[in-house]
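Here are the chains, one letter per residue:
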Amino acid sequence: MPAAEPAPPDFAAFFAEEHAGLFKALYFVTGNRSDAAELAQDAFLKLWERWDRIERIHDPTGYLFRAALNGFRMRTRAAVRATRRLVPIVWTTDPFDEIDLREDVRRMLLDLSPRQRAALVLLDMYGYGSEEAARIMGIRPSTVRALATQGRAVLRKGSHHA
């Protein structure tokens, strides 16, 4: 009898296991709950579309984060282009941001660039090495390390003033 192929992991179980962590990481990177939720949803959709080939994806969690970061970059570029065309700029805030994050921590996080936040999320929250984080972010490992070092310095500086 031939050995049975291992069954692919269940997408619903993977989603349940990864969703909260991805949302928190994206909230940390974007600073906005609705953006984080939309980016997470889009990233899971991209992975779901490829779920029948999941065994070819070396690191599904890394794939999710990379897809979300790519979506964030595309949205940021589109927002910059749209902003250039607008005359009056009206900024709105999400009232839940102030509820969910203490204001002093929020200010410190907003002092970081999105790339610094992404590097810190991948290295410190997800525990990736700089090589893996670089692959996910599409940059060099030395750049990941530099972004993380800069981000930590900003956070240390901010925590001394709080």
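None of these values were measured; they are calculated from a predicted model.

Cut-off values and rules
- Residues numbered from 1 in each chain as written.
- Predicted model: local features only at pLDDT ≥ 70, side-chain atom pairs only at ≥ 80, totals over all residues.
- Heavy atoms only, no water.
- Core = buried A, V, L, I, M, F, W, Y, C linked by side-chain atoms within 4.5 Å.
- Buried < 20%, exposed > 50% of the residue type's maximum accessible area, 1.4 Å probe, protein only.
- Helix = DSSP H or I, 4+ residues; strand = E, 2+ residues; numbered from the N terminus.
- Contact = heavy atoms within 4.5 Å.
- Phe/Tyr/Trp six-rings, centres within 6.5 Å; stacked < 30°, edge-to-face > 60°.
- Patch = residues over 30% accessible without salt bridge, like charges linked within 9 Å, V, L, I, M, F, W, Y side chains within 5 Å.
- Areas by Shrake-Rupley, 256 points an atom, 1.4 Å probe, with all protein chains shown as cover.
- Salt bridge = Lys/Arg side-chain N within 4 Å of Asp/Glu carboxyl O.
- Lys, Arg positive; Asp, Glu negative; His and termini not counted.
- Charge placed at Lys NZ, Arg CZ, Asp CG, Glu CD.

1. Topic: the nonpolar core
Ranked by size, the top nonpolar core spans 40 residues in total, and within it Leu22, Leu26, Leu47, Phe65 and Met137 carry the most contacts. Breaking this core down by element, the ones donating at least two residues are helix H1 (11-30), helix H2 (33-49), helix H3 (60-85), helix H6 (114-125), helix H7 (130-137) and helix H8 (141-161). Take this core: its biggest share by element is nine residues, from H1. Excluding anything up to four places from it in sequence, Met137 contacts Leu69, Arg73, Arg115, Ala118, Ala119, Leu122, Val144 and Leu147.

2. Examining the environment of Glu38
On the secondary structure map, Glu38 appears in helix H2. Since its relative accessible area comes to 38%, Glu38 is described here as partly exposed. For the pair Glu38 and Gly71, spaced 33 residues apart in sequence, the C-alpha separation works out to 9.5 Å.

3. Structural notes on the packing of aromatic side chains
Counted under the stated rule, the structure contains nine aromatic pairs. Ring geometry for Phe11 and Phe44: centres 6.4 Å apart, planes at 85 degrees, overall edge-to-face. With a gap of 33 residues between them, Phe11 in helix H1 and Phe44 in helix H2 connect regions that are remote in the sequence. Of the two residues, Phe11 and Phe44, neither departs from the other in class, the shared state being buried. Aromatic side chains Phe14 and Phe44 sit 6.4 Å apart centroid to centroid with 70 degrees between the ring planes, which places their arrangement in the edge-to-face category. Separated by 30 residues along the polypeptide, Phe14 in helix H1 and Phe44 in helix H2 bring together distant segments of the chain.

4. Some words on the environment of Gly138
For Gly138, the location among the structural elements is in the loop between H7 and H8. Once the C-alpha coordinates of Gly138 and Arg66 are considered, the two residues, 72 residues apart in sequence, prove to be 8.2 Å apart.

5. Concerning a positive patch on the surface
A cluster of basic side chains, namely Arg73, Arg77, Arg81 and Arg115, defines a positive patch on the protein surface. Per-element accounting of the positive patch gives the leading share, three residues, to H3. In this fold, Arg77 is placed in helix H3. In this structure Arg77 comes out as partly exposed when scored by relative accessible area, which is 48%.

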